[in-house]
Amino acid sequence: MTDVDVAKNLHQVLECLPDGVRLVAISKYHPAEYIQEAYDEGQRVFGESHEQELKMKVATLPNDIEWHFIGHLQTNKVKYIAPYISMIEAVDSLRLLREIDKQAARNNRVIDVLLELHVAQEATKYGLTIDQCRQLLEDGEWRKMHNVRIAGLMMMASNVDDEEQIRREMTIAADFFDEVKSKYFTDDDHFRERSWGMSHDYKIAVECRSTMVRVGTGIFGPRVY
Ligand SMILES: *Cc1c(COP(=O)(O)O)cnc(C)c1O
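Residues numbered from 1 in each chain as written. Predicted model: local features only at pLDDT ≥ 70, side-chain atom pairs only at ≥ 80, totals over all residues. Heavy atoms only, no water.

### Here's the deal with helix α3 (residues 51–60)
Consideration 1: Inspection of α3 places Glu51, Glu53, Leu54 and Lys57 among the buried residues, and these make up the whole buried set. Mapping the buried residues of α3 onto a view down its axis gives an arc of 155 degrees, with all of them on the same face. Projecting away from the buried face of α3 at angles above 90 degrees are the exposed residues Gln52, Met56, Ala59 and Thr60.
Consideration 2: The elements touched by buried residues of α3 are α2 (32–40), β2 (45–48), β3 (66–69) and α4 (78–81). (Buried < 20%, exposed > 50% of the residue type's maximum accessible area, 1.4 Å probe, protein only. Helix = DSSP H or I, 4+ residues; strand = E, 2+ residues; numbered from the N terminus. Arc of directions from axis to C-beta. Contact = heavy atoms within 4.5 Å.)

Okay, here's the thing in structure tokens:
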């Protein structure tokens, strides 16, 4: 047993998720034994944000775990995770998309990615503005990338207490998803994920059409940096 009741927390989160919403358990900065505990309860999808830390965890934990890379990813780090990563959630430039395609090809894989939107008010967050995202898709170079598959959109709402603001930002992202889906991906069933909702706002996210919530602290407790 770990100090935190991972199993109990995990089930509490899962109980709040309707059918069609998946949980990515965000395990960054938490030890492998915490992940193992969630794994033993049936959780298979985990999210990490540092390449080195991820590598160490991959080496020691069961190999049917689906790892999502959730943080800002530097182009020069793509090659390290390309052999095994299931999904790269935060693609915020064409340059990064190209590099993922290239490294996935080297590994004879197709890697699922999400385009990260910047909708929140905080200036520090990464991501494409709605206009930049439209531009990237309109430009069309992605259509020629055969080893990368755009599976949806990801965003982080502002870190505020104002529920209405969070709801507003998530709704902007959800409406934009519909626009993108109908313009570029109508016949592509792989484009379907709306990744939003963290520990403090995943219940709101579920109401705002999220298909994938990313919960860390709510399951594993506070991170020790
Ligand atoms: C750390 C992180 C999370 C999880 O945050 P919690 O508040 O611990 O649930 C979700 N998404 C991203 C992109 C993160 O970096």
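Structure's up, so let's keep going.
### Brief notes about the packing of helix α1 (residues 6–15) against α2
Consideration 1: Axis separation between α1 and α2 bottoms out at 9 Å; the angle between their running directions is 55 degrees. Considering their axes alone, α1 and α2 lie oblique with respect to each other. Every pair of crossing elements has a handedness; the one defined by α1 and α2 is right-handed. Contacts between α1 and α2 pair Val6, Ala7 and Leu10 from the former with Tyr34, Glu37 and Ala38 from the latter. (Axes fitted to C-alpha atoms, helices over the stretch in contact; angles between N-to-C directions. Parallel < 35°, antiparallel > 145°, perpendicular 65-115°, else oblique. Left-handed = near helix turned anticlockwise from the far one by under 90°.)

### Quick word on the packing of helix α6 (residues 130–139) against helix α7 (residues 163–184)
Consideration 1: Following both chains from N to C, one finds α6 and α7 inclined at 15 degrees, their axes separated by 12 Å at the closest point. Considered as vectors, α6 and α7 are oriented roughly parallel to each other. Viewed along their axes, α6 and α7 form a crossing whose handedness is right-handed. Here α6 contributes Ile130, Cys133, Arg134, Leu137 and Glu138 to the contact with α7, which in turn contributes Ile172, Phe176, Glu179, Val180, Lys183 and Tyr184.
Consideration 2: Across the contact of α6 with α7, the residue classes tally to 7 nonpolar, no polar and 4 charged. (Nonpolar A, V, L, I, M, F, W, Y, C, P; charged D, E, K, R; others polar.)

### Some points on helix α5 (residues 94–106)
Consideration 1: Here α5 contains 13 residues, and its C-alpha end-to-end distance of 19 Å stays within 8% of the 18 Å for a straight helix at 1.5 Å per residue.
Consideration 2: Taken together, the buried positions of α5 are occupied by Leu96, Leu97, Glu99, Ile100, Asp101, Gln103 and Ala104.
Consideration 3: Of the surrounding secondary structure, the elements contacted by the buried residues of α5 are α4, β4 (87–91), β5 (111–117), α6 and β6 (148–155).
Consideration 4: Asparagine 108 occupies a position one or two residues after α5 and carries a positive phi of about 50 degrees. (Expected span 1.5 Å × (residues − 1).)

### Details of the pairing of β6
Consideration 1: The element β6 is largely enclosed, with a buried count of 7 among its 8 residues.
Consideration 2: Looking at chain direction, β5 and β6 are connected through 7 bridges and run parallel. When the bridges of β6 are listed, leucine 114 appears paired with glycine 152.
Consideration 3: As paired elements, β6 and strand β7 (residues 193–195) share 3 bridges and run parallel to each other. (Pairing = 2+ DSSP bridges.)

### Overview of the packing of aromatic side chains
To describe a pair of aromatic rings, one takes the distance between the centres and the angle between the planes.
Consideration 1: For the structure on display, the rule yields 7 aromatic pairs.
Consideration 2: Between tyrosine 29 and tyrosine 225, the ring centres sit 4.4 Å apart and the planes meet at 70 degrees, which makes this aromatic pair edge-to-face. On the criterion of sequence distance, the pair formed by tyrosine 29 in the loop between β1 (22–26) and α2 and tyrosine 225 in the segment after α9 (217–220) is long-range, its members being 196 residues apart.
Consideration 3: Ring centres of phenylalanine 177 and phenylalanine 191 lie 4.9 Å apart, and the angle between their planes is 20 degrees; this geometry places the pair in the stacked category. Separated by 14 residues along the polypeptide, phenylalanine 177 in helix α7 and phenylalanine 191 in the loop between α7 and β7 bring together distant segments of the chain. Accessibility assignment for this pair places phenylalanine 177 and phenylalanine 191 in one class, buried.
Consideration 4: We note arginine 44 situated over the ring of tyrosine 39; from NZ or CZ to the ring centre the distance is 3.6 Å.
Consideration 5: Seen from the ring of phenylalanine 177, arginine 194 lies directly overhead, with NZ or CZ sitting 4.6 Å from the centre. (Phe/Tyr/Trp six-rings, centres within 6.5 Å; stacked < 30°, edge-to-face > 60°. Lys NZ or Arg CZ within 6 Å of the ring centre and 35° of its normal.)

### Topic: unusual backbone geometry
Consideration 1: Its identity as a non-glycine residue notwithstanding, tyrosine 29 has a phi of 65 degrees, on the positive side.
Consideration 2: In this structure, arginine 209 is a non-glycine residue whose phi angle is positive, near 65 degrees.
Consideration 3: Relative to the helices and strands, arginine 209 resides in the loop between α8 (202–207) and β8 (212–215).

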